[in-house]
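# A look at the structure
One-letter residues, chain by chain:
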Amino acid sequence: MSTATAAAAPGAAAPPRRPGLFRTAWRYHRTKIGVVLTAAVLLVAAVGPFVSPYSPTAMAGTPNATGIDGALFGTDDVGRDVFSRFLHGGYTLVAIAVLSALAGVAAGAVIGIVAGYLRNWADEVLMRTNDMLLAFPQLVLALLLLSILGPQVWLIVVIIAVSHANRVARVVREATLKVVEQDFVKSAEAIGLPRWRIMASEILPNITSPLLVELGLRITYSVGTIATLSFLGMGLQPPTADWGLMINEGRVAITVQPWAVVLPVVAVAVLTIGANLITDGLSRASIGIDRGVEK
């Protein structure tokens, strides 16, 4: 029983059914454009490794050369095919970004729901600890830990997920505080349902809208953070094909061979814009903004 229901009078017409969040968001042009842009980049990331003409580490010609037969966008600073590395470089970036965002949103949702529902000493401990972690800049903390423990994929996922969880927890706690005052939660408490079950079956389903919006935002931030770490040399390490690492490797010879930088920059920008448009559509749908919606 996630919502309160009232018995309808005999013969009364059923109330109109409100469209779901995704259906409402899809009516916005920005959402459709965001889906197209995001799907294009994800398609490149997923299919690219299977259609690349070369291995991402194979030599295709002289360094920083253009106009080479079989190398559509030339070669990078050590003679590898730029296009092949671009096709291979998105899978790891997207996979780590999605995994980090999912882990961060899941952890933040648990912290926020527990803090917002219990509202006792647990709320104070969780949120004050959360405030302490928020005081550290995300990128500086990531660089510090990676410089100490070394750039490893699992550590990158954990660092980004923790930084996301702190911010998601605050949003989820505020959403939970509004839900716990609803009648269906009071009814569940009155019949003696365990607290964990109330949080899982009564509160969580009613805060999915802000959670989906946060997930979209966190994926966007994850992509930017991972690309930045790779550019600074603290992300994925050579000879791994990664868009952020490609930007770092190609920046020295950008005037001679710009494609090594242009391709990954455009891909990251398109993915970021697309995810932001989808998130904005979901946000508008969740709060009921109808301006600009197709009727």
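A brief structural summary.

The rules we used
Within each chain, residue numbers correspond to sequence positions counted from 1 in written order. Only residues with pLDDT of at least 70 are given local features in this predicted model, and only at 80 or more are side-chain atom pairs given and counted; all residues enter the totals for whole chains, interfaces and linings. The side-chain quantities take in all heavy atoms of the structure and omit both hydrogens and water. The convention used is that axes are lines fitted to C-alpha atoms, helices contributing only their stretch in contact, and that angles between N-to-C directions extend from 0 to 180 degrees. Each helix corresponds to a stretch of at least 4 residues labelled H or I by DSSP, and each strand to a stretch of at least 2 residues labelled E; elements are numbered beginning at the N terminus. For classification purposes, angles smaller than 35 degrees are called roughly parallel, those larger than 145 roughly antiparallel, those between 65 and 115 roughly perpendicular, and all remaining angles oblique. Take the far helix as the reference: if the near one is turned anticlockwise from it by less than a right angle, the crossing is left-handed, and if turned clockwise, right-handed. Any pair of residues with heavy atoms lying within 4.5 Å of one another is described as a contacting pair. Each residue gets one of three labels, nonpolar for Ala, Val, Leu, Ile, Met, Phe, Trp, Tyr, Cys and Pro, charged for Asp, Glu, Lys and Arg, and polar for the others, Gly among them. Here a cavity denotes a set of grid points, spaced 1 Å apart and computed over the protein atoms alone, in which a 1.4 Å probe fits but from which it cannot get out, and a pocket denotes an open set meeting protein on both sides within 12 Å along at least five of seven lines; residues with an atom within 4 Å of a point are reported as lining. Grid points are joined across faces, edges and corners, and a volume is the space filled by probe spheres set on the points. To sort residues, take the accessible area from a 1.4 Å probe on protein chains only and compare it with the maximum for the residue type: under 20% means buried, over 50% means exposed, and anything in between is partly exposed. Side-chain atoms alone can form a polar contact between residues adjacent in sequence; in general such a contact is a pair of N or O atoms within 3.5 Å, and within protein one must be able to donate a hydrogen while the other accepts it. Ring pairs shown here join Phe, Tyr and Trp side chains whose ring centres sit within 6.5 Å, with only the six-membered ring taken for Trp; geometry is labelled stacked below 30 degrees between planes, edge-to-face above 60, and tilted in between.

Our focus in this paragraph is the packing of helix α4 (residues 121-134) against helix α6 (residues 153-179). Contact geometry for α4 and α6: axes closest at 9 Å, N-to-C directions at 140 degrees. Taken together, the axis directions place α4 and α6 in an arrangement best described as oblique. The handedness of the crossing between α4 and α6 is left-handed. Along its contact with α4, which presents Asp123, Met127, Asn130, Asp131, Leu133 and Leu134, the element α6 presents Ala165, Asn166, Arg167, Ala169, Arg170 and Arg173. Looking at the contact of α4 with α6 residue by residue, the classes come out as five nonpolar, two polar and five charged.

Moving on to the layout of surface pockets. In this structure, the second largest pocket occupies an estimated 270 Å³ of space. In terms of lining, the second largest pocket is formed by 16 residues, of which the most central are Thr38, Gly216, Ile219, Ala275 and Ile278. Among the elements of the structure, α2 (29-51), α3 (82-118), α9 (208-231) and α11 (259-287) are those that each provide at least two residues to the lining of the second largest pocket. When the residues that make up the lining of the second largest pocket are grouped by side-chain class, the tally is 13 nonpolar, three polar and no charged.

Let us now look at helix α10 (residues 243-250). Burial runs high along α10: eight of the eight residues are buried. Of all the positions in α10, only Trp243, Gly244, Leu245, Met246, Ile247, Asn248, Glu249 and Gly250 are classed as buried. Where α10 starts, the residue carrying a side-chain oxygen 3.1 Å from the main-chain nitrogen of Gly244 turns out to be Asp242.

Before going further, it helps to examine the environment of Gln237. Mapping Gln237 onto the fold places it in the loop between α9 and α10. Separated by 86 residues in the primary sequence, Gln237 and Pro151 have C-alpha atoms spaced 7.7 Å apart. Within the structure, Gln237 has its side chain in polar contact with the backbone oxygen of Gly233 (distance 3.1 Å). Within the structure, the side chain of Gln237 is placed 2.9 Å from the backbone oxygen of Gly235, a separation counted as a polar contact.

Turning our eyes to something else, we now look at the packing of helix α5 (residues 138-149) against α6. Between two packed helices, both the angle of their axes relative to each other and the distance between the axes serve to describe the pair. At a minimum axis distance of 10 Å, the contact between α5 and α6 shows a crossing angle of 155 degrees. With respect to their mutual orientation, α5 and α6 come out roughly antiparallel. Crossing hand, α5 versus α6: right-handed. Touching Gln138, Ala142, Leu145, Leu146 and Leu149 of α5 are Leu155, Ile156, Ile159, Ile160, Ser163 and His164, all from α6.

A few words now on the packing of aromatic side chains. Enumeration over the complete set of coordinates arrives at three aromatic pairs. With centroids separated by 5.5 Å and ring planes inclined at 50 degrees, the aromatic side chains of Phe73 and Phe83 adopt a geometry described as tilted. Of the two residues, Phe73 sits in the loop between α2 and α3 while Phe83 sits in helix α3, which places them 10 residues apart along the sequence. Here a set of aromatic residues connected by ring pairs shows up, and it is made of Phe73, Phe83 and Trp259.

With that settled, the discussion passes to unusual backbone geometry. With glycine set apart, most residues show a phi of negative sign, and most peptide bonds adopt trans. For the bond from Pro238 to Pro239, the omega torsion is 5 degrees, close enough to zero to count as cis. Even without glycine at this site, Asn64 takes up a positive phi of about 50 degrees. Position of Asn64 relative to the elements: it lies in the loop between α2 and α3.

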